[in-house]
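Observations on chain architecture
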Amino acid sequence: MNFKYLFLLLLCSVAFSQNSDFPSAKVDSIVKRIQLPVFPSYQVNVLKLGAKGDSITDNKKAFDKAMALCKKNNGGTIIVPKGIYKINGPIHFVSNVNLKIEKGAKIKFSDNPKDYLPLVLTSWEGTMLYNYSPLIYANNCNNIAISGEGTIDGEGGKVWKTFKAKEVEGKNLSREMNHTNVPIENRKFGESYFLRPQMIQFLNCKNILVENVRIENSPFWCLHLLKSQSITIRGISYKSLNHNNDGIDPEYAKDVLIENVNFDNGDDNVAIKAGRDHEGRANTATPSENIVIRNCNFKGLHGVVIGSEMSAGVQNVFVENCKTSGYLKRGIYLKTNADRGGYIKNIFVRNIQLDEVEDCLYITANYHGEGKGYQSDISNVYFSNITCNKASESGIVIQGFSDKKIRNISLKNIEIKSAKNALSNENAENVTMTDVFIGQRATVPTAVSKH
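Residues numbered from 1 in each chain as written. Predicted model: local features only at pLDDT ≥ 70, side-chain atom pairs only at ≥ 80, totals over all residues. Heavy atoms only, no water.

The test is simple: UniProt positions are given in the numbering used here, feature names are shortened, and annotations may be inferred rather than shown by experiment.
With an unreviewed UniProt entry as reference, the protein is termed Exopolygalacturonase PelB, source organism Flavobacterium chungbukense. The protein has a UniProt comment under Sequence similarities (unreviewed entry) that states "Belongs to the glycosyl hydrolase 28 family."

Encoded structure:
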């Protein structure tokens, strides 16, 4: 055989092997497809409209006026200079607007629930409904941004925090309406239902940028990317430690880049979702897909989660070059149950450094042991080049069903230096392991001692 041909064959074989672990070309094509928003040259400074950064004055009218002026001029940039701007109510975006919160500026939202009425179309834990407005809300907008090096404070730790203990009735009603296909226009929540609003939500939006801002003290999920596409989230930071303070929740979202984010959250750092149960299964044309997460620092409950609300499906997720910067319960966590249906497939995770966690890698189709009749399909999950100093519970967990096995899991170059339980693998097929070390590495076998 021609040596040149043999070398080419070997090269192709190596390239294919690397590609199956982490298809970089696919990542590049997603990132290239994502469009950054572009804005007209028009600018308006909120101080010129009567805003006062004194932490006391209600600046709702000034911010509303700034947004209206941008709309009149077909878009522009709203400049928020240094100061603390109290706003008694939500900011509602229009298209082609960049909300630029400059260094030293803070937007501090009120925590009076009445300020977030009337109800708007939103979603709550995977069910579409009408509820309190998110604090920053965009519905059917294109080319929008939140930028600058300032801070957004959701004031979520006082009044909103008390809603958690009272939400059960509203939560259960929303799920019942989902399961019984109640028309969305009849799903009215708000006062007396105690479902907290998201801090920032983009619904049915395209070409979104959130860059360099700091997010603090959210009432509920921090940044909800709902039914939106072509999204860039980069260079932002968090300190948001209230109940359910997920960092970023892409849901029915497409073409998303999340990079260089410093998380410090009371819940999941990134939680990829795609609707709950009946409603999600009816929306299979809009799975969450083509999501790239890279160069992030994790701190909170879990690093990257897929589920458990994922009934429309999640596919083509790429996580790379991330590490922990503080406590994390689980590193990478794929979770669904027999109520969800849908699928999780084509998930690629590489170059992850974890310190001390409870569980390092966890895949379960039986989350909380709940549900029946709608088992999810989990397949084609690739983990490579992952290190973890300690797993106080389990190193690697894979849990399928006997009649619906998890399929095609690849584990390559994994080192977990210490774990109470090394590996739990049940009801899974085609699980391949290459250079996987859990606990102390074995050396050459010792010789039999002479007597």
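1. Describing the pattern of salt bridges
Rules: Any Lys or Arg side-chain nitrogen found within 4 Å of a carboxyl oxygen on Asp or Glu counts as a salt bridge. Strands are runs of DSSP state E lasting at least two residues, helices are runs of H or I lasting at least four, and both sets are numbered from the N terminus onward. Only protein chains enter the calculation, and the probe is 1.4 Å; a residue is then buried if its accessible area is under 20% of its type maximum, exposed if over 50%, and partly exposed in between.
Evaluated as defined, the whole model comprises 28 salt bridges. With a shortest N-O distance of 2.8 Å, Glu309 and Lys273 are connected by a salt bridge. On the criterion of sequence distance, the pair formed by Glu309 in the loop between strand 24 (302-306) and strand 25 (314-324) and Lys273 in the loop between strand 21 (270-272) and helix 6 (277-281) is long-range, its members being 36 residues apart. What makes Glu309 buried here is its relative accessible area of 5%. One network of salt bridges, in which partners are shared, links Lys106, Lys108, Asp153, Glu155, Lys158, Arg214 and Glu216.

2. So, the environment of Gly303
Which entries qualify depends on this criterion: Two residues form a contact once any of their heavy atoms are found within 4.5 Å.
Take Gly303: it is sitting in strand 24. Judged by relative accessible area, Gly303 falls into the buried class, the value being 0%. For Gly303, the contacting residues outside a window of four places in its chain are Asn269, Val270, Phe298, Leu328, Arg330 and Gly331.

3. Here we look at helix 3 (residues 60-72)
Operational definition: Expected span of a helix: the number of residues minus one, times 1.5 Å.
Taking 1.5 Å per residue, 13 residues should reach 18 Å; helix 3 reaches 18 Å between its end C-alpha atoms and fits that length. Every buried residue belonging to helix 3 is among Lys60, Ala62, Phe63, Ala66, Met67 and Cys70, and all of these are buried. Immediately downstream of helix 3, the backbone of Asn74 shows phi near 60°, a positive value.

4. Re the state of the cysteines
Quick note on the threshold: Here, the term disulfide refers to a pair of cysteine sulfur atoms separated by no more than 2.5 Å.
Counted under the stated rule, the structure contains 0 disulfides. Unpaired in this structure, Cys70 has its nearest cysteine sulfur neighbour in Cys141, at a distance of 12 Å. Free of any disulfide, Cys322 has its nearest cysteine sulfur in Cys296, 4.6 Å distant. For Cys322, a relative accessible area of 2% puts it in the buried group.

5. Observations concerning the sheet that holds strand 4 (residues 83-87)
What holds strands together in a sheet is hydrogen bonding between their backbones, with the strands either parallel or antiparallel. The condition that has to hold: Two strands pair under a simple rule: DSSP has to find at least two bridges between them. Lines fitted to the C-alpha atoms define the axes, with helices restricted to the stretch that makes contact. Angles between their N-to-C directions range from 0 to 180 degrees.
As summarised here, the arrangement of the 6 strands in space is 2-4-7-12-15-18, forming an open sheet in which the pairing is parallel. Two strands in the sheet have a free side with no partner beyond their single neighbour: strand 2 (54-58) and strand 18 (237-239). Neighbouring strand axes in the sheet, compared pairwise and without regard to direction, differ in orientation by 20° on average. For strand 15 (residues 214-216) and strand 18, the ladder comprises 3 bridges, and the chain directions are parallel. Considered in strand 18, the bridge of Arg214 is made with Ser237.

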